[in-house]
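# Structural characterization, general
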Amino acid sequence: MPGSIKVVLTSPRVAPGLLTRAGWQVFTDASAIGASAGPSRPDVQALIGSGLVVQHVLGDVAEQWAWLVDAASAGDRVAWLVGEDGEPALLRLIADTLSRDERPPYEVEIVHGSYDVPGARLIDLVRVMDRLRRNCPWDQEQTHESLARYLLEETYETLEAIDSGDYIHLREELGDLLLQVAFHARIAEEVAEEDDGFSIDDVAGGLVEKLIRRHPHVFADVTATDSAAVEANWESIKAAEKQRTSVLEGIPLALPALALADKVLGRAAKVLPTDAPLAADAATGVDDGVRIGAELLDLVREARALGVDPEQALRTATHRLADQVRTAEAR
């Protein structure tokens, strides 16, 4: 009876041993199982823990392929567990051999033992960040404080990418912004739990719990017919979670002035009538700085009434002015 070679590909982002039905079937049906690593590798451990025998095949890819061919030629049903790097050299050798030679007397099949799920590459990010923190002198020296300026810079660069409409640029900048989150979380892992240290899993877990709590119309039986109802539910739940002594509590005063004005006006509407005159409205007969500030605040209030983001509106107008300047310079 002819033998067979079945090469099982697995994802390093999936827990070892968490295989598809087809993947496990290959290994349980095999009369010989080989791998390029010994029992210390987690996926090999998972097979051994299931009562299977895995042979550590030493040598380069040519020797490993020769082992597979010899076993299959002898009639064995051979399974090969590919390592987490995908073992591209071995796969290329198999493909080249099969395309060059006559049809071999044994079956060769590539089987997917596990697949990446959405978000799986975030596991790679965590692993790389951990290695950098342990082995890179520059990364080892960083603190939350030293990274703060990069977080601000990357935020503005992301906003610029959004304004550009360039999705390739936006993808890159979002990656840089994500790096800041991963980096800060990795640093926080070094703080003792009793001193409020946390991990990236704590960050993600807290966010997931918050999103579920504040979207009861999705995850529970609350009804929300439009975005206004969704926002009202969010604010109501948030208010119950965060008992504050002032509606202004929690507003970061380091926000850009227009964004800060927008935020304060939004909170002010909770305690003042929407048509109530603001203190700035009475700023007449004073110096130009106070007058212009009052007028700007009034413009922000008008923007809110129209549903316009004042920060974005000014940024867009400024970009248009910059385009006019470049056009004039090119003449």
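In the block above lies the structure referred to throughout.
Now for a look at the structure at hand.

Parameters at a glance
Residues numbered from 1 in each chain as written. Predicted model: local features only at pLDDT ≥ 70, side-chain atom pairs only at ≥ 80, totals over all residues. Heavy atoms only, no water. Axes fitted to C-alpha atoms, helices over the stretch in contact; angles between N-to-C directions. Helix = DSSP H or I, 4+ residues; strand = E, 2+ residues; numbered from the N terminus. Parallel < 35°, antiparallel > 145°, perpendicular 65-115°, else oblique. Left-handed = near helix turned anticlockwise from the far one by under 90°. Contact = heavy atoms within 4.5 Å. Nonpolar A, V, L, I, M, F, W, Y, C, P; charged D, E, K, R; others polar. Salt bridge = Lys/Arg side-chain N within 4 Å of Asp/Glu carboxyl O. Buried < 20%, exposed > 50% of the residue type's maximum accessible area, 1.4 Å probe, protein only. Phe/Tyr/Trp six-rings, centres within 6.5 Å; stacked < 30°, edge-to-face > 60°. Lys NZ or Arg CZ within 6 Å of the ring centre and 35° of its normal.

### A short note on the packing of helix α3 (residues 61-73) against helix α4 (residues 88-100)
Following both chains from N to C, one finds α3 and α4 inclined at 55°, their axes separated by 9 Å at the closest point. Judged on the interaxial angle alone, α4 and α3 are oblique. Remark: the crossing between α3 and α4 carries right-handed chirality. Between α3 and α4, the contacting residues are V61, A62, Q64 and W65 on the first element and A89, L90, L93, I94 and T97 on the second. When the residues that make up the contact of α3 with α4 are grouped by side-chain class, the tally is seven nonpolar, two polar and no charged.

### A short note on the pattern of salt bridges
Counting across every chain of the model gives 18 salt bridges. Salt-bridge contacts for D124 lead to R121; the nearest nitrogen and oxygen are separated by 2.6 Å. In this pair, D124 and R121 both sit in helix α5 (residues 121-135), three residues apart, roughly one turn of the helix. Taking the relative accessible area as the measure of exposure, D124 reaches 16% and is therefore buried. Relative accessible area serves as the criterion here: at 57%, R121 is assigned to the exposed category. The closest approach of N and O atoms between E190 and R133, which form a salt bridge, is 2.6 Å. You can see E190 sitting in the loop between α8 (167-188) and α9 (200-213) and its partner R133 sitting in helix α5, a full 57 residues away along the chain. Residue class for R133 comes out buried when judged on its relative accessible area of 9%.

### Things to note about the packing of aromatic side chains
Enumeration according to the criterion identifies three aromatic pairs in this entry. Geometrically, the ring pair formed by W138 and Y150 is edge-to-face, given 6.2 Å between the ring centres and 70° between the ring planes. Of this pair, W138 sits in helix α6 (residues 137-141) while Y150 sits in helix α7 (residues 144-164), and the two are 12 residues apart along the sequence. Note on W138: relative accessible area 42%, which makes it partly exposed. An aromatic cluster is built from W138, Y150 and F183, whose rings are joined through pairwise contacts. Between the NZ or CZ atom of R214 and the centre of the ring of W234, over which it lies, the distance is 4.9 Å.

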